[in-house]
Each structure stands twice: as C-alpha cells, then as structure tokens.
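# Understanding the architecture of this molecule
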Amino acid sequence: MSVLPLVFTSGWASGINAYAVVLLLGIFGATGISDEVPASLQRTDVLVVAGVLFLCEAVADKIPYVDSLWDSVHTVIRPLAGAVVAALLAGENGSLPELAAGAVGGSTALMSHLVKAGTRMAVNTSPEPFSNIAVSTAEDLGVAGIITFAIFHPLAAAIIAATLLVLGIVTLVFLASRIRRFLRRRAQRREEKRLAGTGSHWPPG
C-alpha cells in the first residue's frame, strides 16, 4: 500500500505541532504498534528531545503573543520537519520516492503552519487568554487524534487532514482583515517603543 496518505497526514500535522508528530510516531514504532515508522524516529534520544520540545511548545503555544513569536521561529522548522518525516516514512516503505515524499510533506506542513500562524494572530486580537488555551488544546488533541487514526486508517485520515486544511484556509481568508489590524497595532507598538527609547537619550532641558 502506498505511504502517500500517511505522508500527507504527517505533513499536515507537522505544520501544527511537529514535535508531537515525531514523538507519537516514534512511540508507535518503538512499541510495535506500527511497522511503518523508521528506526531513526524510534531512537531514545530522538524521543527525549521531541518530548522536551513538545512540552516547551505546549506551554508557549498557550500564551498570547508568545504563541505568535513561537510560530514565527517555526516557519522554517515545521515545514522542514514535515519534509524529513515524510522522506523517512517513504524510505521505510519503499512505495514512494523519498524526494517526492519530502516535497509533499514539506509543502503540506508549510500550508498548515501558515493557517495555524494566521489563525493565532486573529485569536490574539482577543484581550483574554482563554481563547489561546482553548485553540492550542484543540490543536494538540487534533494532532494526536489524527496521527493515531492515520496509523490504522491512513487514507481516511488523509481525507480528514485535507478537509481540515481547506477549512483552515477558508477561515483564514475570512480572518484576513482582523489579522491585518493585529499586524498594524503590533507595528505601531514597536514604533512607539522605538520613539520612547530615542526620546530617553535626549539630555534634560
């Protein structure tokens, strides 16, 4: 059976939480639940690092504005992780060229990451922190659920991931104006801080 559905689903999930994907796949492989997981993802050091980084993301992802900063840092990391995981899965299975798998996983991860980052900018326009916690928790549970489902039903999971990706893009289009206002306010705050810092260097009159 082609590994393409699992590659696509892991790419989508990596764009949301790459560390959770590596951790879950590694655990499923190490415990013998799945034979599709390459040995490199099952190594103890990989699982430990992925677990620690997952905990860091679980905290940072629930704090307003910190989550957007975290997303900015991971604009390269998540697509790269999606490409690497996809290539490893393809190499283990042998039914899909690793380069093609990496392209699918990386591009899917990039799209889902952009949806996640844009949605978080819109959520950060809300003054209370509870929406961030709710959205982040839903994302974590969604990634865990769909990766687990993909191990047993890869094609159905890929269809769900594709549907969620399309819905996310549509939602992002509707939230575009809200995101632009958020970016303008953030740029204005930076400019005010810069001006305040410049003014503090003037000698007293």
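Let me begin by describing the structure that accompanies this report. (Residues numbered from 1 in each chain as written. Predicted model: local features only at pLDDT ≥ 70, side-chain atom pairs only at ≥ 80, totals over all residues. Heavy atoms only, no water.)

### Section: the overall build of the protein
- Each helix and strand counted, the protein has 7 helices and 0 strands in total.
- Among the 205 residues that make up the protein, the fraction classed as buried is 43%.
- Partitioning the contacts of the protein with sequence separation of at least 6, the portion at a separation of at least 24 is 74%.
- Carbon and sulfur atoms make up 74% of the accessible area of the protein, which totals about 10500 Å². (Helix = DSSP H or I, 4+ residues; strand = E, 2+ residues; numbered from the N terminus. Buried < 20%, exposed > 50% of the residue type's maximum accessible area, 1.4 Å probe, protein only. Contact = heavy atoms within 4.5 Å. Areas by Shrake-Rupley, 256 points an atom, 1.4 Å probe, with all protein chains shown as cover.)

### Structural notes on the layout of surface pockets
- As a volume, the largest pocket reaches approximately 370 Å³.
- Residue lining of the largest pocket: 16 residues in total, with Trp-12, Ile-16, Val-115, Glu-139 and Leu-164 positioned closest to the centre.
- Mapped onto the lining of the largest pocket, the elements with two or more residues apiece are helix H1 (4-30), helix H4 (98-123), helix H5 (130-152) and helix H6 (154-174).
- Classifying every residue of the lining of the largest pocket by side-chain character gives 9 nonpolar, 5 polar and 2 charged.
- When its volume is computed, the second largest pocket comes out at roughly 210 Å³.
- The wall of the second largest pocket is formed by 13 residues, among which Tyr-19, Val-22, Ala-81, Val-84 and Val-85 lie closest to the centre.
- At the level of secondary structure, the elements contributing two or more residues to the lining of the second largest pocket comprise H1, helix H2 (44-60) and helix H3 (66-93). (1 Å grid on protein atoms, 1.4 Å probe; cavity = no way out; pocket = protein on both sides within 12 Å on 5 of 7 lines; lining within 4 Å. Points joined across faces, edges and corners; volume = space filled by probe spheres on them. Nonpolar A, V, L, I, M, F, W, Y, C, P; charged D, E, K, R; others polar.)

### Some thoughts on the packing of H1 against H4
- It is at 7 Å that the axes of H1 and H4 come closest, and there the two elements cross at 35°. The interaxial crossing formed by H1 with H4 has right-handed handedness. Counting all contacts with H1, which are made through Leu-4, Val-7, Phe-8, Gly-11, Trp-12, Ser-14, Gly-15 and Ile-16, the residues of H4 involved are Ala-101, Val-104, Gly-105, Thr-108, Ala-109, Ser-112, His-113 and Lys-116.
- Looking at the contact of H1 with H4 residue by residue, the classes come out as 8 nonpolar, 7 polar and 1 charged. (Axes fitted to C-alpha atoms, helices over the stretch in contact; angles between N-to-C directions. Left-handed = near helix turned anticlockwise from the far one by under 90°.)

So, to be careful, I would describe these as geometric facts and stop short of saying anything about function.
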